[in-house]
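Below, each chain spelled out in residue letters.
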Amino acid sequence: MSENTLRPPRYLKPMNRLMKAVQKLGIPTGPAMVLTVPGRRSGQPRSTPMTPFDYRGGLYVVAGYPGADWAANARAAGTGTLARGRRRRQVRIVELTADDARPVLREFPAKVPVGVAFAKRSGLVRDGSPDEFEALAGRLAVFRFDPVETT
């Protein structure tokens, strides 16, 4: 499947709306968090559920498919708010180079099994092995969330 034909599954938008609503009520939904950043064109807040994971002391997230709108917004914004239930924190959003993303992508299948299932259904990977995910370096955006010091 070519990268241009990879699209998010149809259920994703309704599922994201549900996840955001539940989070807004202050109910944490497992490891999922909601990232809010300004839209790159409108400047209006855009919120997206995601599943960041800890790796070597940092908090990382992998885009579910190439060209994801939320990833382009995050890249453009550089900062955002991560929320889980009622807890919110400001973060700096740092995109990793392909070389820096490789070990993070290798770890992804063990840390985010639901993300592996999503990638399989989307046609991004076949078996979801660490090797398959590592091979996606440079195609999938990988971000690290750094805490923003508040004064």
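Every chain's residues receive numbers from 1 upward, in the order its sequence appears when written. Local features in this predicted model are restricted to residues of pLDDT 70 or higher, and side-chain atom pairs are both shown and tallied only at a pLDDT of 80 or more, whereas totals for entire chains, interfaces and linings draw on every residue. To get the side-chain values, all heavy atoms of the structure are used, and hydrogens and water are removed first.

Looking at an unreviewed UniProt entry, the protein chain carries the name Nitroreductase family deazaflavin-dependent oxidoreductase, with the source organism given as Mycobacterium paragordonae.

Turning to the environment of Asn73, a few remarks are in order. Here a helix means four or more residues in a row that DSSP labels H or I, a strand means two or more in a row labelled E, and each is numbered from the N terminus. Mapped onto the secondary structure, Asn73 falls in helix α2 (residues 69-77). Asn73 sits 34 residues away from Gly39 along the chain, and the two C-alpha atoms are 5.5 Å apart. The contact definition used throughout considers only heavy atoms, calling two residues in contact when any of these lie within 4.5 Å. If we ignore the near neighbours within four places in the chain, the residues touching Asn73 are Val37, Pro38, Gly39, Arg40 and Arg46.

Now for the sheet that holds strand β6 (residues 87-95). The strand order across the open sheet built from seven strands is β2-β1-β5-β6-β7-β4-β3, with neighbouring strands paired in antiparallel fashion. Edge positions in the sheet fall to β2 (45-50) and β3 (53-55), since each of these pairs with one other strand and no more. For this sheet, the mean angle separating the axes of adjacent strands, direction not counted, is 40°. Strands pair, by our definition, only if DSSP identifies at least two bridges between them. Pairing of strand β4 (residues 58-62) with strand β7 (residues 142-147), which is carried by four bridges, proceeds in the antiparallel orientation. Its bridge partner lying in β7, Val61 is registered against Phe143. Every angle, taken between N-to-C directions, lies between 0 and 180 degrees, and every axis is a line fitted to C-alpha atoms, over only the stretch in contact when it is a helix. With respect to the sheet, helix α3 (residues 98-111) is in contact with β3, β4 and β7, its orientation differing from that of β3 by roughly 130°.

Note on exposure labels: buried denotes an accessible area under 20% of the residue type's maximum, exposed denotes more than 50%, and partly exposed covers the range between, all computed with a 1.4 Å probe on protein chains only. Counted residue by residue, β4 has five buried out of five residues, so it is predominantly covered. Residues Gly58, Tyr60 and Val62 of β4 are buried on one face, and the alternating residues Leu59 and Val61, pointing to the opposite face, are buried as well. Hairpin remark: β3 followed by β4, antiparallel, with two residues in the connecting loop; positive phi at Arg56, about 50°.

Summarising the element assignment, Ser42 is placed in the loop between β1 (33-38) and β2. The exposure class assigned to Ser42 is partly exposed, which follows from its relative accessible area of 41%. Looking at Ser42, its side chain comes within polar contact range of the side chain of Arg46, at 3.2 Å. Definition of a polar contact: a pair of N or O atoms within 3.5 Å, with one able to donate and the other able to accept a hydrogen when the atoms are protein atoms, and with sequence-neighbouring residues admitted only if both atoms are side-chain atoms.

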